[in-house]
Amino acid sequence: MRRKAGMAAGACAALVLAGATGVTAWRYAGDDGRPVGTWHEAPGVARTPVSADQAQPADPAGPAGPADPADPAQTGRVLTPEEAEGQGDVVAPAPERSAADRPLESATVDGRQRVGELVRVDRLLGYLGRGPQKETFRYPGASYVKLHFKRMAMLPGDYLTVANADGTESYRYDAPKVLETGSVNKWAMSVTGDTAVLEMHRAANPMGAGNLLGALGVGVDRVARGFSRDEQSRQPESQLIPPGRTGREESVCGADTSKDAVCYRSADPVAYTKSKAIARLLINGTELCTGWRVGIKNRMLTNNHCFTTSSAAYETEVWFNYQCATCGGYDVFQPTKVWGKEVLSTDHTYDYTLFTVDNFDAIKKFGFLQLDTARPAKNQELYVPQHPAGEPTRIAGSLGDKAGNCSVTDPGYTGYTAASDVAYYCDTEGGSSGSPVLSRKTNKVVALHHFGGCPNSGVRGDLLAAKLRTLL
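Residues numbered from 1 in each chain as written. Predicted model: local features only at pLDDT ≥ 70, side-chain atom pairs only at ≥ 80, totals over all residues. Heavy atoms only, no water.

Draft legend 1. Looking closely at the overall build of the protein chain. Tallying secondary structure elements over the protein chain gives 9 helices and 25 strands in all. Among the 472 residues that make up the protein chain, the fraction classed as buried is 59%. Considering only residue pairs separated by 6 or more positions, the protein chain has 75% of its internal contacts joining residues 24 or more positions apart. Carbon and sulfur atoms form 52% of the exposed surface of the protein chain, whose accessible area is close to 17,500 Å². (Helix = DSSP H or I, 4+ residues; strand = E, 2+ residues; numbered from the N terminus. Buried < 20%, exposed > 50% of the residue type's maximum accessible area, 1.4 Å probe, protein only. Contact = heavy atoms within 4.5 Å. Areas by Shrake-Rupley, 256 points an atom, 1.4 Å probe, with all protein chains shown as cover.)

Below, the structure is given as structure tokens:
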């Protein structure tokens, strides 16, 4: 859930400063200790049919691309739910809960934290002229930009790139081997920051074929843009709990003791290393959960209320290494982004989804976690690596030998069913759904976090280990 105003310091100690100074440049580098960007907003996206639930009115002075400001189709406006209907599959919401006073940790109306909005555009990158052609989509203050293609008709050998403003983050999309001129429904990978540059790269244009075929070209009809930090803080409380519920909005229990993961690098190097195995999940283009790699195989765990189907997994962005470079500093490491791939198992009662990712080799270096097969014990000290409200990785649980309020208070707590959960007062927030809750003694996962409410709770790791044994 959302932190109380004035309580949270903010990730990298840079939220307010960078937001105020309008910093948008990202200097990408590897995970070698060099700063790669200044984090000032919570980015988030996914290659999904973007949900327009709870769409907010467009800011009259809000973001606009490099087009005629008098044309609303060019400047971009927020889609209403009616307009978004039929524009793609939306991740199925989790079934109704029986515990009316316990909010899901990433609780929008369908259980996920909302971090952006969908806007309408109408841009065409045609084949007229010679050499590469570009279109720039800029939304001042946006934390990410993600393009949706309605048409991708290109000659074989040609390709597109979608990059950030300085080209340090770029993704390539090749033309089909056989010429296609029909419409498509495809999302590009997000680029972090407020600008996306779409560029056409033409391998050849024999006898001017590309100029003669008027059907060729690339059309963009929608953009998902991430909320700025200020916009995120203004999201109404009604979005943070399901309609008709009266759940407590806060899951920071007392003073917030969570810190940037990198703050643990010297004080608790094991906890810091384990935090590398978690990922920021960008679902439905505008929504957020946390996930993590479980076991040595290509396996990821998150909550069932985050998504449930392979089609939803395939369209979800999975970000590893989205962490602050220095404790209390201003820079973040370059995230490694991969797509989700396939749901292997999911269950509402135990609120888990086990899935795989595409390009598994790219994320192996970040390590993995293991489920603890032993039932957790009362007073067992814990720590929780997570992406609260979309921030770079934070770890709940005081530094040093004592975990403070982050310990097991009830090892047989009732979640969706009797004794399914572990209860604790570790500090969490909207977006923390799906985070691993680890034992400080074993450094194994004793719970899969899913409920706020103080006490907060997660599904018992020993139950999950038994259910998933043949799949891990």
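Draft legend 2. Expanded view of the packing of aromatic side chains. In this structure the tally under the stated criterion is 5 aromatic pairs. Aromatic side chains phenylalanine 149 and tyrosine 173 sit 6.4 Å apart centroid to centroid with 65° between the ring planes, which places their arrangement in the edge-to-face category. Here phenylalanine 149, found in strand E5 (residues 144–153), pairs with tyrosine 173, found in strand E7 (residues 170–174); they are 24 residues apart in sequence, far enough to count as distant. For the pair phenylalanine 149 and tyrosine 173, a shared accessibility class is recorded, and that class is buried. (Phe/Tyr/Trp six-rings, centres within 6.5 Å; stacked < 30°, edge-to-face > 60°.)

Draft legend 3. Structural detail: the nonpolar core. In terms of nonpolar packing, the biggest core is built from 30 residues, with Phe137, Leu147, Phe149, Leu160, Val162, Leu198 and Val223 touching the most fellow members. The set of elements that each furnish at least two residues to this core consists of strand E3 (116–125), E5, strand E6 (159–163), E7, strand E10 (195–201) and strand E11 (217–226). In terms of residue count, the dominant contributor to this core is E5 (5 residues). Other than its neighbours up to four places away in sequence, valine 162 contacts Leu147, Phe149, Glu169, Ser170, Tyr171, Tyr173, Ala188, Val191, Ala196, Val197 and Leu198. Ala271, Leu301, Ala325 and Leu438 belong to the second-largest nonpolar core, a separate cluster that totals 27 residues. (Core = buried A, V, L, I, M, F, W, Y, C linked by side-chain atoms within 4.5 Å.)

Draft legend 4. Inspection of the state of the cysteines at higher detail. Counted under the stated rule, the structure contains 3 disulfides. Shown here is the disulfide that connects cysteine 289 with cysteine 306, its sulfur atoms set 2.0 Å apart. Looking down the S-S bond of the cysteine 289 and cysteine 306 bridge, the torsion is -90°, so its handedness is left-handed. In this pair, cysteine 289 is assigned in strand E14 (residues 287–293) and cysteine 306 in the loop between strand E15 (300–302) and helix H8 (310–314), connecting sequence segments 17 residues apart. Comparing cysteine 289 with cysteine 306, the two get one shared label, buried. Linked covalently through their sulfurs, cysteine 406 and cysteine 426 form a disulfide whose S-S length is 2.1 Å. Around the S-S axis, the bridge from cysteine 406 to cysteine 426 shows a dihedral of about 95° and counts as right-handed. A residue pair is termed long-range when its members are at least 10 positions apart, and cysteine 406 in the loop between strand E20 (394–396) and strand E21 (408–413) and cysteine 426 in the loop between strand E22 (421–424) and strand E23 (436–439) qualify at 20 residues. Each member of the pair, cysteine 406 together with cysteine 426, is buried. (Disulfide = S-S within 2.5 Å.)

Draft legend 5. The arrangement of the pairing of strand E25 (residues 456–460) in detail. Buried residues dominate E25, accounting for 5 of its 5 residues. In this structure, E22 lies alongside E25, joined through 4 bridges in antiparallel fashion. Opposite valine 422, over in E25, you have glycine 458 as the bridge partner. Taking the residues between adjacent antiparallel strands as the criterion, strand E24 (residues 445–451) and E25 are bridged by 4 residues, where glycine 453 takes a positive phi near 125°. (Pairing = 2+ DSSP bridges.)

Draft legend 6. A look at the pattern of salt bridges. In this structure the tally under the stated criterion is 13 salt bridges. Ionic pairing is found between arginine 138 and aspartate 194, a salt bridge with its closest N-O pair at 3.8 Å. Here the residue arginine 138 occupies a position in strand E4 (residues 133–138), and aspartate 194 occupies one in the loop between strand E9 (191–192) and E10, the gap between them amounting to 56 residues. Given the relative accessible area of 41%, arginine 138 is considered partly exposed. Its relative accessible area of 6% is what places aspartate 194 among the buried residues. Close ionic contact of aspartate 260 with arginine 394 constitutes a salt bridge, the shortest N to O distance being 3.1 Å. (Salt bridge = Lys/Arg side-chain N within 4 Å of Asp/Glu carboxyl O.)

Draft legend 7. Up close: the side chain of asparagine 443. By secondary structure assignment, the location of asparagine 443 is in the loop between E23 and E24. Here the side chain of asparagine 443 touches tyrosine 383 through a polar contact of 2.7 Å, side chain to side chain. (Polar contact = N/O pair within 3.5 Å; in protein donor to acceptor, adjacent residues only side chain to side chain.)

Draft legend 8. Structural context of the side chain of aspartate 351. With respect to the helices, strands and loops of the structure, aspartate 351 is situated in the loop between strand E17 (336–347) and strand E18 (352–357). Judged by relative accessible area, aspartate 351 falls into the buried class, the value being 0%.

Draft legend 9. Fine view of helix H9 (residues 461–468). Within H9, the full set of buried residues consists of Gly461, Asp462, Leu464, Ala465 and Leu468. The buried residues of H9 all sit within an arc of 160° when viewed along its axis, so they share a single face. Elements in contact with the buried residues of H9: E15, E17, E18, E24 and E25. (Arc of directions from axis to C-beta.)

Draft legend 10. Inspection of the confidence of the model for the protein chain at higher detail. Residues with a pLDDT of 70 or more make up 65% of the protein chain, whose mean pLDDT is 74. For the stretch residues 1–10, pLDDT sits under 50, and the model shows 39 contacts to residues farther than four places along the chain or on other chains. This stretch, residues 13–101, has a pLDDT under 50; its non-local contacts, to residues over four places away or in other chains, come to 255 contacts. (pLDDT = per-residue confidence, 0-100.)

Draft legend 11. Highlighting the pairing of E10. Of all the 7 residues making up E10, 7 are buried; the element is thus mostly covered by neighbouring parts of the structure. Side chains Thr195, Val197, Glu199 and His201 of E10 all project onto a buried face; the interleaved residues Ala196, Leu198 and Met200 project onto the opposite face, where all are buried too. Pairing of E4 with E10, which is carried by 6 bridges, proceeds in the antiparallel orientation. Counterpart to threonine 136 in the pairing with E10 is valine 197. Here 5 bridges tie E6 to E10, and the two strands are oriented antiparallel to one another. Within the sheet, the bridge partner assigned to alanine 163 lies in E10 and is valine 197.

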